[in-house]
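Spelled out, the chains give:
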Amino acid sequence: MATTLASQDFALRILLVEDNPADARLLRQALLDAGLRFELQIEGRLESALRRLAEERFDVVLLDLSLPDAQGIETVRRIHAAFPQLPLVVLTGLMDEEAAILAVREGAQDYLVKGEGGGPLLVRTIRYAIERQRAEEALKQSEEVFRSMIEHALDIITVLDGDGAIRYESPSVKRVLGYHPRELQGQPLTSFVHPGDHGAIGELFAGRSAPRAFEFRFRHKDGCWRTLEAVGQNLTGQPPLSGVIINSRDVTAR
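Thresholds applied
Residues numbered from 1 in each chain as written. Predicted model: local features only at pLDDT ≥ 70, side-chain atom pairs only at ≥ 80, totals over all residues. Heavy atoms only, no water. Helix = DSSP H or I, 4+ residues; strand = E, 2+ residues; numbered from the N terminus. Buried < 20%, exposed > 50% of the residue type's maximum accessible area, 1.4 Å probe, protein only. Contact = heavy atoms within 4.5 Å. Areas by Shrake-Rupley, 256 points an atom, 1.4 Å probe, with all protein chains shown as cover. Pairing = 2+ DSSP bridges. Axes fitted to C-alpha atoms, helices over the stretch in contact; angles between N-to-C directions. Phe/Tyr/Trp six-rings, centres within 6.5 Å; stacked < 30°, edge-to-face > 60°. Lys NZ or Arg CZ within 6 Å of the ring centre and 35° of its normal. Salt bridge = Lys/Arg side-chain N within 4 Å of Asp/Glu carboxyl O. 1 Å grid on protein atoms, 1.4 Å probe; cavity = no way out; pocket = protein on both sides within 12 Å on 5 of 7 lines; lining within 4 Å. Points joined across faces, edges and corners; volume = space filled by probe spheres on them. Polar contact = N/O pair within 3.5 Å; in protein donor to acceptor, adjacent residues only side chain to side chain.

Attention shifts here to the overall build of the protein. Scanning the protein from N- to C-terminus turns up eight helices and 13 strands. The buried share among the 254 residues of the protein stands at 42%. Relative to all contacts within the protein whose residues are 6 or more apart in sequence, the contacts with residues 24 or more apart total 54%. Looking at the protein as shown, the accessible area adds up to about 13600 Å², and 52% of this sits on carbon and sulfur atoms.

See below:
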């Protein structure tokens, strides 16, 4: 059944997974009272909800944690595993708020205690869930683009932890220095740097500062020394990187 109100430019498609008809009626009325334009479909079991989601497009799912064929956090896990990009709001009773918080950790965008807050709170929760899911997807896409750039960079990208151990090496280290990235991960960078250049590396850990340029010699896997021109910056304590990043290239021939 579709309900149309002039307060919205488009009808929000909502799937309510709820086996209690009284609760379903109350939720529908709350949406009407809030002036939301929506199309509400109701499924009373998890299995039928999963089939419906596979066949139709929905903007958000409102999920009761207590269903005839599924109980508790397992309902969230199954829907999130099958449709990870779909915004999910958990509906819970007063005594199940702890389970609802766990549901958010398992992939739900938000939760709402049944009967609390009325239509305005319900609408705000739905909109927040949709906006949060979109933000998460945008961040994921930007991270994938950034990762692709790093993985295909000609320069060597190195990330060190706060103790100077190598946390990450880009694949280009194999071409330039002969090591597979896994061979270097967890090793102190200074184990491969010429002793005369340890000071240049140490200065990166002296304090957080702007990027600084320097050169250092790195032992190739075949035993020879290669001169690398680098730019490093201390970003420890600054998530999500929380480390020292070094961008370097081989200038031995020069």
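Glancing now at the sheet that holds strand 13 (residues 244–250). With antiparallel pairing, the five strands of this open sheet are ordered in space as 10-9-13-12-11. Of all strands in the sheet, those with a lone pairing partner are strand 10 (166–169) and strand 11 (212–219), marking the two edges. Across the sheet, the mean angle separating the axes of adjacent strands is 30 degrees when strand polarity is ignored. In this structure, strand 9 (residues 156–160) lies alongside strand 10, joined through three bridges in antiparallel fashion. Among the inter-strand pairings, L160 is bridged to a residue of strand 10, identified as I166.

To continue, consider the packing of aromatic side chains. Across all of its chains, the model carries five aromatic pairs by this definition. With centroids separated by 6.5 Å and ring planes inclined at 65 degrees, the aromatic side chains of F216 and F218 adopt a geometry described as edge-to-face. Assessed through its relative accessible area of 4%, F216 is described here as buried. One aromatic cluster is present, built from ring pairs that chain together Y179, F192, F214, F216 and F218. Residue placement shows R13 over the ring face of F58; its charged tip is 4.6 Å from the ring centre.

Applying the stated criterion across every chain, the model contains 17 salt bridges. The residue D23 makes a salt bridge to K114 at a minimum N-O spacing of 3.1 Å. With D23 in helix 1 (residues 21–33) and K114 in the loop between strand 8 (110–113) and helix 5 (118–151), the pair connects residues that are 91 residues apart, well separated along the chain. Between K114 and D64 there is a salt bridge, with the nearest N and O atoms lying 3.4 Å from each other. In this pair, K114 sits in the loop between strand 8 and helix 5 while D64 sits in strand 4 (residues 60–64), placing the two residues 50 residues apart along the sequence. What you see here is one network of salt bridges that share partners, running through R13, E39, E43, R52 and E56.

In total, this model carries one cavity of 30 Å³ or more according to the counting rule given. In this structure, the largest cavity encloses a volume near 60 Å³. Around the largest cavity, the lining residues are I156, T158, E169, L177, L189, F216, F218, L228, I246 and S248. Those elements that place two or more of their residues in the lining of the largest cavity are strand 9, strand 11 and strand 13.

The pairing of strand 9 with strand 13 spans five bridges and is classified as antiparallel. Residue L160 lies in a different strand from strand 13, and its bridge partner there is V244. Across seven bridges, strand 12 (residues 225–234) lies against strand 13 in antiparallel orientation. What sits directly across from Q233, in strand 13, is I245.

Turning our attention to the pairing of strand 12. One ladder, built from eight bridges, connects strand 11 with strand 12; its direction is antiparallel. Of the residues in strand 12, the one forming a bridge with F218 is R226. Between strand 11 and strand 12, which pair antiparallel in sequence order, lie five residues; one of them, G223, sits at a positive phi of approximately 105 degrees.

It is worth spelling out the side chain of D197 at this point. Mapped onto the secondary structure, D197 falls in the loop between helix 7 (181–184) and helix 8 (198–202). Only 2.7 Å separates the side chain of D197 from the backbone nitrogen of R217, close enough to count as a polar contact. Each residue touching D197, except ones within four places of it in the same chain, is listed here: F216 and R217.

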